[in-house]
Amino acid sequence: MKYVLVTGGVVSGLGKGVTASSIGLLLKACGLRVTSIKIDPYLNTDAGTMSPFEHGEVFVLDDGGEVDLDLGNYERFLDIKLTRDNNITTGKIYQSVIDKERRGDYLGKTVQVVPHITDAIQEWIERVAIVPVDGKEGPADVCVIELGGTIGDIESMPFIEALGQFSYHVGPGNFCLIHVSLVPVLNVVGEQKTKPTQHSVRGLRGLGLTPNILACRSTKALDENVTIKLSQFCHVPAENIITLYDVPNIWHIPLLLRDQKAHEAILKSLNLMGVAREPNLKEWTIRTEACDMLYNPVRIAMVGKYTGLSDAYLSVLKALLHASVACRRKLIVEWIAAGDLEDVTAKEAPDAHKAAWDRLKGADGILVPGGFGDRGVQGKILAAKYAREKNVPFLGICLGMQIAVIEFARSILGWQDANSTEFDPETKNPCVIFMPEGSKTHMGGTMRLGSRRTYFRLADCKSAKLYGGMKFVDERHRHRYEVNPDMTSQLEDAGLSFVGKDETGRRMEIVELPDHPYFIGVQFHPEFKSRPGKPSPLFLGLIAAVCGQLEVVLQNNDHVSSVVPKTIVTSNGQSMMKAHQNGNATKHSNGLVNGVYSNGNGVHF
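Residues numbered from 1 in each chain as written. Predicted model: local features only at pLDDT ≥ 70, side-chain atom pairs only at ≥ 80, totals over all residues. Heavy atoms only, no water.

(A) Structural detail: the pairing of strand β18 (residues 448-456). The sheet contact formed by β18 and strand β19 (residues 472-479) spans 8 bridges and is antiparallel. Across the sheet, residue G450 finds its bridge partner in β19, namely H477. With 2 bridges joining them, β18 and strand β21 (residues 497-501) adopt antiparallel strand pairing. Its bridge partner lying in β21, F456 is registered against G500. (Pairing = 2+ DSSP bridges. Helix = DSSP H or I, 4+ residues; strand = E, 2+ residues; numbered from the N terminus.)

See the structure below:
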């Protein structure tokens, strides 16, 4: 087994996760099998109880693991399925060591950080690295390990020590360290400054790790004299110093690495030059260049609770982007804080209320993502009502599905107090209830988590057709509440159709409005399995409905190939007729990150 360690220096947020994912993709393009591990030095056992404002979204795996969002990047870039053990945290390591101590496994020894914690870290890495994640038998060829945080952080010291021992343990030719650092450009003089990276590498070497490759983040490519200076002071060959400069979207990063021969530097460090081939990134390049050339906009209103931080909905954004590229449309996200749509905001902050409704009415489609708590729920209900009444394409995910059911019960059945017991435990019409197997005393890991099977109860529905006419689908879940099965017959009699259920037939998974152009709610999270070039069917359906391509997609089981261009096609303004157009299509965006344009309150990007 070969190991590639990615560390970060100077500041956090440099893009270690994207860099590690891109390195994995590049090695996979060289014909190697790749797996990934993310090390998070925080004390939490997992990311499940952390606020999205603290750490971004919680990514859910097939086995129910609630993990760091970087594992989502790994899965999307490498098209693999990871497990909860691929995310190592300080909490997991200490818990495993303490459990061993309580069992008496240490035979009376004094349990210490060195060697017991450091040994546990190394054993965890070696154990997880050999588990296949690509659907094939046998271990991978290379394991890419990302160490979260920044070199010098107190909480990461045991991991630094363990990885220093690990590099010695596996020996030369089996370990390659890539250090991601910042080379800032001071506006006053316009000069690229190397001192922060020099200090970062010095600190790394002082802790027992020597970088083989430097990946330098900067606004532009490194000047030749800067590369020479870094090579001289950091003791890294000049050809092993890579520039990761700003690009229109992150799909360019693997191409940047390839163009600068990063794969050759890695393969030489790992003694794999005779095994690997030249990287084949033809499809990736076509998709990346096609994304850059998109012209015709598609505006999706994201009505959520955590709109102040785009990472809180990272997988949803990526799934929208995958679908938009498949439909040859430039994605523009209209961020709308759900609370701004509510009547109380009209009195307290009328300008914010008007701006939110203007953005909602100007959008081509509406998406209500998952969430917890009652803040903004009424605004989400109003958004679902607007989409239903105005025939605007709508996709509700998890809580988004539940509020769509509540809105329907209130508006169509006249149950004005219809609600979820999460928000009103005393409601007389509990359309959404707490799941019987859930825990009300422990929060971590007690939800209905991971991959669960949904059976289509009706073949002639949009969601079944979008999934290619399959009888069932396996999607990932993360919820404590569900639609009340005792009320579904009344809801269906009024026109709501529960087309997907679990194996018992008692748990509602997919709801549709048959007479609506596109109104679908799902209890699961389809965004977690969306991939570049293989968009989630339900997200593809939403974008296709907006763009007038839904019938084409529904009629073709191979829905992606029916829309994705085989070669790069430049849009020149001659767009297809839209099934739904609502608002000003020439409205300009005010932000671009990773190929996603954004409108909103200006704090997201």
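Here the narrative resumes.
(B) Molecular detail of helix α10 (residues 262-269). Counting buried positions over the 8 residues of α10 gives 6, a clear majority of the element. Taken residue by residue, α10 has A262, H263, A265, I266, L267 and S269 as its buried positions. Residues of α10 that are buried sit in contact with β1 (2-8), α1 (16-29), β7 (175-182), β10 (213-218), β11 (241-245) and α9 (252-259). Backbone geometry just downstream of α10 places N271 in the positive-phi region, at approximately 55 degrees. (Buried < 20%, exposed > 50% of the residue type's maximum accessible area, 1.4 Å probe, protein only. Contact = heavy atoms within 4.5 Å.)

(C) Representation of the packing of aromatic side chains within the structure. Scanning all chains against the criterion turns up 12 aromatic pairs. Taking 5.2 Å as the distance between ring centres and 45 degrees as the angle between the ring planes, the aromatic pair formed by F77 and W284 counts as tilted. Of this pair, F77 sits in helix α3 (residues 70-78) while W284 sits in helix α11 (residues 282-292); the two residues are 207 residues apart in sequence, bridging distant segments of the chain. One aromatic cluster is present, built from ring pairs that chain together Y3, F166 and F175. Across from the ring centre of W124, 4.8 Å away, lies the NZ or CZ of R127, which sits over that ring. (Phe/Tyr/Trp six-rings, centres within 6.5 Å; stacked < 30°, edge-to-face > 60°. Lys NZ or Arg CZ within 6 Å of the ring centre and 35° of its normal.)

(D) Structural context of a nonpolar patch on the surface. Together, Y94, I98, V113 and V114 line one region of the surface with nonpolar side chains, adding up to about 310 Å² of accessible area. Elements represented by at least two residues in the nonpolar patch include exactly α4 (90-103) and α5 (113-129). Note that V114 resides in helix α5. Judged by its relative accessible area of 44%, V114 is partly exposed. (Patch = residues over 30% accessible without salt bridge, like charges linked within 9 Å, V, L, I, M, F, W, Y side chains within 5 Å. Areas by Shrake-Rupley, 256 points an atom, 1.4 Å probe, with all protein chains shown as cover. Salt bridge = Lys/Arg side-chain N within 4 Å of Asp/Glu carboxyl O.)

(E) Local environment of the packing of helix α15 (residues 377-390) against helix α16 (residues 399-411). At a closest axis distance of 9 Å, the pairing of α15 and α16 adopts a crossing angle of 70 degrees. Between α15 and α16, the angle is such that the two are roughly perpendicular. The two elements α15 and α16 cross, and the hand of that crossing is right-handed. Where α15 approaches α16, its residues V377, Q378, K380, I381, A384, K385 and R388 are matched on the opposing element by L399, I403, A404, I406, E407, F408, R410 and S411. Residue composition of the contact of α15 with α16, by class: 8 nonpolar, 2 polar and 5 charged. (Axes fitted to C-alpha atoms, helices over the stretch in contact; angles between N-to-C directions. Parallel < 35°, antiparallel > 145°, perpendicular 65-115°, else oblique. Left-handed = near helix turned anticlockwise from the far one by under 90°. Nonpolar A, V, L, I, M, F, W, Y, C, P; charged D, E, K, R; others polar.)

(F) Structural view of the packing of helix α14 (residues 350-361) against α15. One way to put it is that α14 packs onto α15 with a least axis distance of 11 Å and a crossing angle of 35 degrees. Classified by chirality, the crossing of α15 by α14 is right-handed. In this structure, α14 uses W357, L360 and K361 to contact α15, whose residues at the interface are L382, A383 and Y386. Of the residues belonging to the contact of α14 with α15, the class tally is 5 nonpolar, no polar and 1 charged.

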